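# Working through the structure, step by step
The primary structure of each chain is shown beneath.
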Amino acid sequence: MNPERYSRQILFSGIGKEGQQRLAESHAVIIGCGALGAMHAEMLARAGVGRLRLIDRDFIEESNLHRQIMFEERDVADRLPKAVAAAARVGRINSQVEVEAVVKDVNYSNVEELIREVDVVLDGTDNFEARFLINDAAVKSGKPWVYGAAVGSYGAQMTIRPRVTPCLRCVFPEMPAPGTSPTCDTAGVILPIIAAIAAHQVAEALKILTRQFEKLHGSLLQFDLWQNTSTRLRLRDRPEDCPSCRQGRYDFLTARGGQFVTTLCGRDAVQISPSTAVQVDFAELAERMRDAGEVSYNRFMLKFKSGGREITVFPDARCIIKGTDDPNVARSIYARYIGA
Ligand SMILES: [Zn+2]
């Protein structure tokens, strides 16, 4: 650790020399490296957190650039996965950081493994299903995690210390029904709210990593940068009936079998992940698809275009199907071109 590099941060009484050393010895995982997650990665790398695991299932598109500060036009042209591009940028920002890019869909079968060795989990996801999954895995393993969400000009943030503070299910007992909450798809989003929420999340993560739990804000923070409103709901009690942190019932870690189908926020697209581990041979798949449309691939993904539809296939057989938001249509396209 180079003390000169971090001198202004060490000078800050909340961090100091001891805090800086702790950061250097810390390991953080960021789940989702889009708008929020890319900011977490950038800020934690600059702060000198020793190890970062960046997880994202997605690749960079032009429509991400207005809000996903780590990515550039070149990354869109190169069709890079977000985790890979973010890790490369972390390497350029701070070569002392040990960074790992994981291009995967986080689901019940892998979430516990992905957070096992880390000191804190940062939420960079864009949907409640992923957050309930993270909550269950984090509560089960006793890992602190930092929730954050932004849509439109509104954002929310809270920090969970399992069995010490209320967890996500203490505050939101049930997942909102599909179609009932605004998403980037329906309401859009502006960068300032992402920056504000990410700033709160990273400050909370720094407090956790330097073990200053008494400095955590202990609230559900909500604010709207366009309506100029903010609320702070103090969180104290954990309801006795919380399935996760009271009763130890981790509903979201249970196998549900079959494919995982997700409608993607911000695009007319559906993602399908197989439930079993598969390794796709792109050369072979491209050969099979050649007559049905236009096909190209690099080592990260295969792209297939036909009749106004576009399918992106990843090495683990996960697909993103563009041109529909109907899971059933997507399943059928998947079955037709990829095989169930
Ligand atoms: Zn709870």
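In the block above lies the structure referred to throughout.
These remarks concern the structure in this document.

What counts, and at which threshold
Residues numbered from 1 in each chain as written. Predicted model: local features only at pLDDT ≥ 70, side-chain atom pairs only at ≥ 80, totals over all residues. Heavy atoms only, no water. Helix = DSSP H or I, 4+ residues; strand = E, 2+ residues; numbered from the N terminus. Rg over C-alpha atoms; globule rule 2.2 N^0.38 Å. Buried < 20%, exposed > 50% of the residue type's maximum accessible area, 1.4 Å probe, protein only. Contact = heavy atoms within 4.5 Å. Lys, Arg positive; Asp, Glu negative; His and termini not counted. Charge placed at Lys NZ, Arg CZ, Asp CG, Glu CD. Donors = N, O, S within 2.8 Å, 3.2 Å for Na, K, Ca; no water. Tetrahedral: all angles 85-135°; square planar, octahedral: opposite > 155°, others 65-115°.

## Observations concerning the overall build of the chain
- A count of helices and strands for the chain gives 12 helices and 14 strands.
- In terms of overall size, the chain behaves like a compact globule, its C-alpha atoms giving a radius of gyration of 20 Å where 340 residues would be expected to give roughly 20 Å.
- Referenced to the eigenvectors of the C-alpha coordinate spread, the extents of the chain come out at roughly 65 × 50 × 40 Å.
- Every one of the 340 residues in the chain was classed for burial, and the buried ones make up 52%.
- Summarising the internal contacts of the chain: among those between residues at least 6 apart in sequence, 64% fall at separations of at least 24.
- The centroid of the 43 positive side-chain charges in the chain is displaced by 4 Å from the centroid of its 42 negative side-chain charges.

## A look at the coordination of the zinc ion
- Note on the zinc ion: its protein donors are Cys167 (SG), Cys170 (SG), Cys242 (SG) and Cys245 (SG). The metal-donor distances range over 2.2 to 2.3 Å.
- Taken together, the 4 donor atoms coordinating the zinc ion and their angles of 97 to 119° define a geometry best described as tetrahedral.
- In primary sequence terms, the donor set of the zinc ion follows C-x2-C-x71-C-x2-C. Taken together, the residues span a long stretch of sequence, with Cys167 in the loop between strand 6 (154-160) and helix 8 (168-171) and Cys242 in the loop between strand 8 (229-234) and strand 9 (260-263) at a distance of 75 residues. Comparing Cys167 with Cys242, the two get one shared label, buried.

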